[in-house]
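# Notes for the structure review
Next come the chains, spelled out residue by residue.
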Amino acid sequence: MTRIFALLLSVLILLPGIATAADEEYQYSGEKMASFLFMKHAADRKDQLIESMGNWAEQQTTMWQSLTKGQGWEGFTELATVLFAMMVAGLLVEALAVYKLRSITQRISQQNCEVWHDSLGFLVLRSILSLIGLAVFALVAYTIPISLYGTNDIFEQTLTTLLDMIISVRAFAIVAQLFWAPNASGIRLMKMECGASQDFYRWTVGFVALYYVSTTSWSLMFLHGIDPIMFALVVPFNGLVLNLLAVYFVFSHKITITNLFTNGNTASSTFTQFLRQSWPGLVTIWLLILWFIWATNEFLGYYTQADHITPAWWLTLSFPFADRILYMLMSRLKSISWLQSRTFERRCDRFIHRTLIAFRTILVAAVMYHVINTIGYDTLSMLTEQLGHYFNKFIDVFIVLIIAYATWEIIQSAIERHLPDVDPEEENGMASLEGEGGGAGASRSETLLPLVRSFMLVFLIVTVSLTILSILGVEIAPLLAGAGIIGIAVGFGAQKLVQDVISGIFFLLDDAFRRGEYIEAAGLRGTVERISIRSIRLRHHLGAVQTIPFSEMATITNLSRDWITMKLEFRLAYDTDVEKVRKIIKKVGQSMLEHEEYGPHFLLPLKSQGVIRVEESALIFRMKFTCVPGEQWIIRREAYRLVKEALSTNGIEFAHRSVHVLLPEHQPREKEIYAGEGQLLENKAIGAAALEGSAELRRQDKIDDDKANVIGADSDSV
């Protein structure tokens, strides 16, 4: 079997050279010369391997003599007995030393934690306790061969090599328990079922154990005198077995691994769907390519080049575990209390996604770096010689951008923590469609913090830009001087803009208005919808958007601060009992205080102010109430409705406007004419008399209309 494998490996390596030689003769220059030497070296290695395989029986005898120190089975029995004693003594002392700790470890495994860092703390503590036991085992086990044999004794070297393998496997098993927690579902960091976790734990520990067994076997064979050329056969064969085992693991756990990366989410694109379906095949092809490059270098004796493939192979195998560990750690950012804000989770997901992309890019670059070095190119030296100066600058710029990005995220989270949740409708002014304006606005911090955030963003961008220019070698001192000169020029040429900015700063410092408040400024009214560095945007209650520069706002009337009083007027007949009306309004006011919807918004109840003036056809009564801003409109409507119903119940009706016309004395009779809506004059005489007084009537109607309009404007515009 080994001879067949050697021949196949030789054919794979020599086949390209045989095909080329069949077409043309070698010209010993340039690439043809290098190819000829390569093929000649491969042929020599093949001949040496076949010759060494012919001496395999002699090599077995040599290794047996070395392993037993020439004592045969007696020496082997001694070696096995000492190894058994090392294991028994180490395990026995370990069990006695960690007897009390074992109960602690079992209690830790039975814990059930909801908080991630508590689970991590328990797992780390359990790993430390396990490592203490492993350290005791190693100390006792190493003491036996060292005390029995000398430093250069072959038994001592063999036993310590085997012990190194055992301790390495056990140490990896402890680390794997920290990651998979196969028997501690309550403190498991990964969101996996117990069966899947135990399966992954067994596979990873078994694979690493097989790797250590194979590498230890190579070391022992080399120690005991195997022909080095035999490694050209044994090592590639062991590598092939490990790769096939990894491929089997990939295909047998395809669904579980896919779910670890997708979390059950559907594919966002056709390419993503393709990767989800075909990644096991792509991984298989890549592992076989790595194995072929590595096996070729091992066969040819290019051990330095082969050593470059080993890190690439391990990086490929450990990629899913490292990626998920990083994702798990980054996801913990969402639970940091002092970073919580309205959009923090969404921004955190975006940050985690970008970090994972950067990590995967770095991982792929590291793998390709080792693969390229296998060909014989010193990638790092080439980059240093040709792009070393730019590479260092790129690293510095990259670090600056990362620090700036992290700083901005922290600033944004700290500011958003003090801001309320804002719906998209509120951001574009749609929320004002439901209300009538005049309500209480945002707090002072909610008004100023968005401006502070914008200022910090501009400051951060300017600072980062200047820092990057400085890293790239650009002198920023002339830029700063030029910016100062430009600033002076802009200050002279844009005095209006400077006036807007300065006025806005002092308005905000004086807390003259806040976002969401209803104000009057520069002859315009509306709800403060947005505040910029030079202007304010008002949303009129009819929907119009009004932008006012701060310098145009000489006086600001704030209609939404603290409280508001509304005065309501109505008309009653001359013969109305004023005291009775006062008592009725008082009862209505008391009943409104008990209303569950608008009652809590009253600061002072509805009450009558009596008769405030007398007009030609009615007494003008006034009532008033005080409430929180924004609720006056609903309370006004309800007050009018309830007062009218209460007055009607008590036989009191609102007075209508009327005109009394007296006929001339020579007429046989007088008739009182009512010029109300829908009424007609009964005869021409009455019509003529009415026309004589039409001018006075129009004047009185105009006065009443103007007063009504003023009253309506005072009420509706608030």
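In short, a report on the structure. Since this is a predicted model, take the numbers as computed values, not measurements.

### Quick look at the overall build of the chain
Assigned secondary structure in the chain consists of 22 helices and eight strands. Across the 718 residues in the chain, those meeting the buried criterion constitute 37%. Sequence-distant contacts in the chain: of pairs separated by 6 or more residues, those separated by 24 or more amount to 70%.

### Things to note about the sheet that holds strand E8 (residues 619-627)
Read across the sheet, three strands follow the order E6-E8-E7 without closing on themselves; strand pairing throughout is antiparallel. The open sheet terminates on both sides in strands that have one partner only, identified here as strand E6 (564-572) and strand E7 (602-614). Averaged over all pairs of adjacent strands, the angle between strand axes in this sheet comes to 20°, irrespective of strand direction. Both E7 and E8 contribute to a ladder of seven bridges, which runs antiparallel. Bridge assignment links Ser608 to a residue of E8, and that residue is Met623. Contacts between helix H19 (residues 578-593) and the sheet are confined to E6, E7 and E8, with E7 contributing the most and set at about 160° to the helix. Along the sheet, helix H20 (residues 632-649) contacts E6, E7 and E8; its crossing angle with E6, the most-contacted strand, is approximately 30°.

### Here's the deal with the pattern of salt bridges
A full pass over the atoms with the stated rule returns 14 salt bridges. Between Glu94 and Arg170 there is a salt bridge whose closest N-O contact spans 2.8 Å. Taken together, the positions of Glu94 in helix H4 (residues 73-97) and Arg170 in helix H7 (residues 154-180) put the pair 76 residues apart, joining distant regions of the chain. Exposure remark for Glu94: the relative accessible area of 8% places this residue in the buried category. Its relative accessible area of 26% is what places Arg170 among the partly exposed residues. A salt bridge links Arg613 to Glu615; the nearest nitrogen and oxygen atoms lie 3.2 Å apart.

### Here we look at the sheet that holds strand E5 (residues 556-558)
Note on sheets: strands pair through backbone hydrogen bonds, and any given pair is parallel or antiparallel. Reading across from one edge, E4-E3-E2-E1-E5 is the order of the five strands in this open sheet, with antiparallel pairing throughout. In this open sheet, the two strands that pair with only one neighbour each are strand E4 (545-549) and E5. Strand-to-strand, the axes of this sheet are offset by a mean angle of 45°, without reference to chain direction. Pairing between strand E1 (residues 518-521) and strand E2 (residues 524-531): four bridges, direction antiparallel. From the neighbouring strand, Ala521 faces E2, where its bridge partner is Leu524.

What counts as what
Residues numbered from 1 in each chain as written. Predicted model: local features only at pLDDT ≥ 70, side-chain atom pairs only at ≥ 80, totals over all residues. Heavy atoms only, no water. Helix = DSSP H or I, 4+ residues; strand = E, 2+ residues; numbered from the N terminus. Buried < 20%, exposed > 50% of the residue type's maximum accessible area, 1.4 Å probe, protein only. Contact = heavy atoms within 4.5 Å. Pairing = 2+ DSSP bridges. Axes fitted to C-alpha atoms, helices over the stretch in contact; angles between N-to-C directions. Salt bridge = Lys/Arg side-chain N within 4 Å of Asp/Glu carboxyl O.

In short, shape yes, function no, at least from these values alone.
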